[in-house]
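Observations on the three-dimensional arrangement
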Amino acid sequence: MSLLADQLLVLVMLINLVMLGTSRLIFSIRAVAVQGVILGILPGLIHPFSFHLAGITAGIILAKGIVIPYFISNAVRKAQIRREVEPFIGYVPTLLLGAVFTALSFAFAEKLPLAPEHKDLLFVPASIATLLTGFLLLTTRRKAISQVIGYLVMENGIFVFGLLLTEAMPVMVEAGALLDLLVGIFVMGIVINHISREFSSIDTSRLQTLKEE
Amino acid sequence: MTDIIIHCAVALLFPPLLLGVIGKTKAAFAGRVGAPYFQPYYDLIKLFRKGSVFSETTTWVFRAGPVVTLSATLIACLLIPLGRHAAPISFSGDLILFAYLFGLSRFFTTIAALDTGSSFEGMGAAREVTFSCLAEPTLFFTLITLARMSKSITLSTILTHPTPATWFAAGASMLLLVGALFIILLAENCRIPFDDPNTHLELTMIHEVMVLDHSGPAFGIILYGAALKLFVLGAVFVNVALPIATGNALADWAIFIVAILALAVTIGIVESVMARLRLVRIPQLLVGATILSAFAMMLVLR
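Owing to the predicted nature of the structure, the values given are computational and were not obtained by experimental measurement.

**Remarks on the overall build of chain A**
Per the secondary structure count, chain A includes seven helices and zero strands. The order of α-helices and β-strands along chain A, N terminus first, is α-α-α-α-α-α-α. Counting over 213 residues, chain A shows a buried share of 39%. Considering only residue pairs separated by 6 or more positions, chain A has 76% of its internal contacts joining residues 24 or more positions apart.

So this is what it looks like as structure tokens:
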């Protein structure tokens, strides 16, 4: 079972790279949704069945795979944007940076003092790699909506790390974190709408210029 | 001994059929009848019977180009194992020779193109070397990963090492390797997402533009060399992607032939359903392939 989990984690890391390489917003929203669904399946593979587990799985797939992507694509439709134009760093350099970060996270995970049963699994490197990819997306993309996606990827990374502790993690904490995220996405959606209405663009780099009426 | 004879016979006679199969697949997708399967053979025979025209401005380099290209590819095809049988020539470290035989053949193709003095062919040569220098790391990462898996640096061992058990144990990295190898196969052979072998629209072509000045037998050699290169890289791909060994020598040959024909059909399907990429997107895809193979190596090294 942990073998299958490893393959899924490799898929998660590949989705990270896809997200760094693509220029289409709708595509990256779908990618992040797929990543969420994979993360929802993962707990079921590494822990024995329980109702707590089934609840977590259903909740994760619903929130990360359906609700949040739905909100984001709604915001995309309202703000009428189709693709990210010229990120701060080009697509190939970010892709390479993402690959370097993934390699570094493997190297870093080797150094961490992990519990012996977690040593050989891909969870820790995958979580650090996903976290760093989220940072990269947050910092290199111009559009507010891409930054929201970066934020989501980052949260996915944290979630992968948390998977190692699912046993110890009470449902309430899990639900609280998800609720936070949902509210965050909600607020971001509203903010994006406002930005696009006020500035007729959601390019965040334009927010630095002063606007005088 | 029989295996070596079959190896040489298959490698020498089989490659143009792959082009025929690809053409037929594309025709089937377009709803046409298409040229017969053996059309590439007829084309080659026709070209070898023709006379050649050499421009006065060209030197011996231009004439050496096709010959060196073909001979380098022929040597490369003696180095790889076909259908789970050891290659006729193999020694420790031959994977470096294998990779750079392609480098040598490319060098001579481009230098022959530059020798004509046509600005047009120079442009094609520039594109070819740009893309191939992005494709080379992928080939190396893939070979290194396989070498690491099989703990050997001989191509015969490396490429016959993958078995269904390897796929179960390291499925993720094998899948990444197969993906990267397929991209390399298409890029190195100038197939569709990268270059259209049928196009004669000047500004978009890469490989085709470099051989515009060749005619007659020289052009036949180039066409045959291209088919052989497709066959060689296809054989590498099949060895990794479909690691089935029955133990019976003849059955293995049959499986290999069927697999490589299936690969040709797959290439035909890819060419039918995909459009050519814009030139600026090509490096992106090649870098993506490099990352895939590097990632596979990381997973294996861990």
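**Looking at the nonpolar core**
Residues and elements named next belong to chain B. Counting 140 residues, the largest nonpolar core has Leu 18 and Ile 80 as its most contacted members. With 17 residues, the top contributor of residues to this core is helix α11 (residues 216-241). Aside from chain neighbours lying at most four places away, what touches Leu 18 is Ala 227, Leu 230, Phe 231, Gly 234, Ile 260 and Ala 264.

**A short note on the interface of chain B and chain A**
Each side of the interface is counted separately: chain B has 12 residues, and chain A has 13 residues. Only α9 (171-188) and α13 (281-301) of chain B provide two or more residues apiece to the side of chain B that touches chain A. The leading source of residues in the side of chain B that touches chain A is α13 of chain B, at nine residues. In terms of residue class, the side of chain B that touches chain A is made up of eight nonpolar, three polar and one charged.

**What to know about the packing of helix α4 (residues 60-79) of chain B against α11 of chain B**
Residues and elements named next belong to chain B. At a minimum axis separation of 9 Å, α4 and α11 run at an interaxial angle of 25°. With respect to α11, the axis of α4 lies roughly parallel. Relative to α11, α4 is oriented so that their crossing is left-handed. For the pair α4 and α11, the contacting residues are Pro 66, Val 67, Thr 69, Leu 70, Thr 73, Leu 74, Ala 76 and Cys 77 in the first and Ala 218, Ile 221, Ile 222, Tyr 224, Gly 225, Leu 228, Lys 229, Phe 231 and Val 232 in the second.

**Describing the confidence of the model for chain A**
Per-chain confidence: chain A averages 80 in pLDDT, with 83% of residues scoring 70 or above. Mean pLDDT values over the elements of chain A span from 70, in helix α7 (residues 171-199) of chain A, up to 90, in helix α5 (residues 123-140) of chain A.

**Looking at the environment of Pro 43 of chain A**
Examined against the element boundaries, Pro 43 of chain A turns out to sit in helix α2 (residues 25-46). Taking the C-alpha atoms as reference points, Pro 43 of chain A and Ile 60 of chain A, 17 residues apart in sequence, are found 10.0 Å from one another.

**Focus on helix α12 (residues 249-273) of chain B**
Residue and element names in this part refer to chain B. Here α12 contains 25 residues, and its C-alpha end-to-end distance of 36 Å stays within 8% of the 36 Å for a straight helix at 1.5 Å per residue. Residues of α12 that are buried: Phe 256, Ile 260, Leu 263, Ala 264, Ile 267, Gly 268 and Glu 271. Against the buried residues of α12 lie α2 (15-30) and α11.

**Some points on the packing of α5 of chain A against helix α6 (residues 144-163) of chain A**
For any two helices packed against each other, one specifies the inter-axial angle together with the distance between the axes. Residue and element names in this part refer to chain A. Two elements in contact, α5 and α6, have axes whose closest approach is 7 Å; the angle formed by their N-to-C orientations is 165°. In terms of orientation, α5 lies roughly antiparallel with respect to α6. Relative to α6, α5 is oriented so that their crossing is left-handed.

**What about α4 of chain B?**
All names here are of chain B. Taking 1.5 Å as the rise per residue, α4 with 20 residues should run 28 Å; its terminal C-alpha atoms sit 28 Å apart, in good agreement. The principal kink in α4, of about 25°, is found at Pro 66. In this structure, the buried side of α4 is in contact with α1 (2-13), α5 (94-115), α7 (155-160) and α11.

Definitions and cut-offs
All residue numbers refer to position in the chain's written sequence, counted from 1. Chain letters and ligand numbers both follow the written order, the letters beginning at A and the numbers at 1. In keeping with the model being predicted, local features are shown solely for residues with a pLDDT of at least 70 and side-chain atom pairs are shown and tallied solely at 80 or more, while totals for entire chains, interfaces and linings include all residues. Put simply, DSSP marks the helices as runs of H or I at least four residues long and the strands as runs of E at least two long, and each gets a number from the N terminus on. Three exposure classes are used, based on other C-beta atoms lying within 10 Å of a residue's own C-beta, which is placed from the backbone: buried for 20 or more, exposed for 12 or fewer, and partly exposed in between. In this description, a residue-residue contact is defined by the distance between C-beta atoms placed from the backbone, which must lie within 7 Å. Working definition: the nonpolar core is a set of buried Ala, Val, Leu, Ile, Met, Phe, Trp, Tyr and Cys residues, joined through C-beta atoms within 7 Å. Under the scheme applied here, ten amino acids are nonpolar (Ala, Val, Leu, Ile, Met, Phe, Trp, Tyr, Cys and Pro), four are charged (Asp, Glu, Lys and Arg), and all others, including Gly, are polar. Axis definition: a line fitted to C-alpha atoms, limited for helices to the stretch in contact. Angles are taken between N-to-C directions and run from 0 to 180 degrees. The labels follow the angle: roughly parallel below 35 degrees, roughly antiparallel above 145, roughly perpendicular from 65 to 115, and oblique for the rest. Here is the rule for handedness: rotate from the far helix to the near one, and if that takes an anticlockwise turn smaller than a right angle the crossing is left-handed, while a clockwise turn gives right-handed. The score called pLDDT rates the predictor's confidence residue by residue, from a low of 0 to a high of 100. Here a helix's expected span is defined as the number of its residues, less one, multiplied by 1.5 Å. Values of bend correspond, residue by residue, to the angle between axes fitted over the seven residues ending at that residue and the seven starting there.

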